[in-house]
Amino acid sequence: MNTRTRKTARWSTLAIVGTLLVTGCTAQTAEPAPTTPTIEVADAWVKAADSGMSAAFGDIRNTGATDVTVASAETEASTMVELHETIEDDAGMMVMRKVDGGFVIPAGESLTLEPGGDHLMLMDLTAPLVAGDEVTFTLTLSDASTVQFSAVVKDYSGANETYDDIDHGEHGSGEGH
Ligand SMILES: [Cu+2]
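Residues numbered from 1 in each chain as written. Predicted model: local features only at pLDDT ≥ 70, side-chain atom pairs only at ≥ 80, totals over all residues. Heavy atoms only, no water.

> I'd love a proper account of the coordination of the copper ion, names of residues and values included.
A metal bound by six donors in octahedral fashion has ideal angles of 90 or 180 degrees, whereas one bound by four tetrahedral donors has an ideal angle of 109.5 degrees. Bound to the copper ion are the protein donor atoms His84 (ND1), Met96 (SD), His119 (NE2) and Met121 (SD), situated 2.1 Å from the metal. Coordination at the copper ion comes from four donor atoms whose angles at the metal span 97 to 121°, giving a geometry best classed as tetrahedral. All donors of the copper ion come from a single chain, and their spacing in sequence reads H-x11-M-x22-H-x1-M. Linking Met96 in strand β5 (residues 94-98) with His119 in strand β8 (residues 119-122), this pair joins segments that are 23 residues apart in sequence. Accessibility classification places Met96 together with His119 in one group, the buried group. (Donors = N, O, S within 2.8 Å, 3.2 Å for Na, K, Ca; no water. Tetrahedral: all angles 85-135°; square planar, octahedral: opposite > 155°, others 65-115°. Helix = DSSP H or I, 4+ residues; strand = E, 2+ residues; numbered from the N terminus. Buried < 20%, exposed > 50% of the residue type's maximum accessible area, 1.4 Å probe, protein only.)

Okay, here's the thing in structure tokens:
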């Protein structure tokens, strides 16, 4: 009897401490409530390629009331996918590099991934990407929720954009990319 009483008392104390800890945290970390993804991807496409690298483009739309961060992306078509942006380096060359902190899409807005701009970089294709094929991608948001979309493979050899020539060892630079 005595033992049981003591145990109960101890559990109450723990419960109180636990409550204090939770209240001490911000509402954001205390409530990882599963959110309905407010992200949709439209007009998605991938550049056809035999091997090596390729890139995916499209419109990432945030239909929600809060900003969303796309933290990472993956696809069965590539062993690794990176989120890239294209910037002008000190020498005035357009170079692409990994985005720090992911793609942020403000509430109610959309981010356009396009050649010469932001894109999903397929670093190492697992199989040839043939025009007309469909590739499924999964985006992971900063709250760990995921959004899937499919992109159609297109032949793309725009006059100004050549991924093929890019030496990716050092996030190489390429014409117009
Ligand atoms: Cu890239």
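And the narrative resumes.
> Could you give an account of the side chain of Ser54, with specific residues and numbers?
Residue placement: Ser54 occurs in strand β2 (residues 54-62). For Ser54, a relative accessible area of 0% corresponds to the buried category. Among the polar contacts made by the side chain of Ser54, one reaches the main-chain carbonyl oxygen of Lys47 at a distance of 2.5 Å. Once residues within four sequence positions are removed from consideration, Ser54 is found in contact with Val46, Lys47, Ala49, Leu120, Met121, Leu122, Leu125 and Leu129. (Polar contact = N/O pair within 3.5 Å; in protein donor to acceptor, adjacent residues only side chain to side chain. Contact = heavy atoms within 4.5 Å.)

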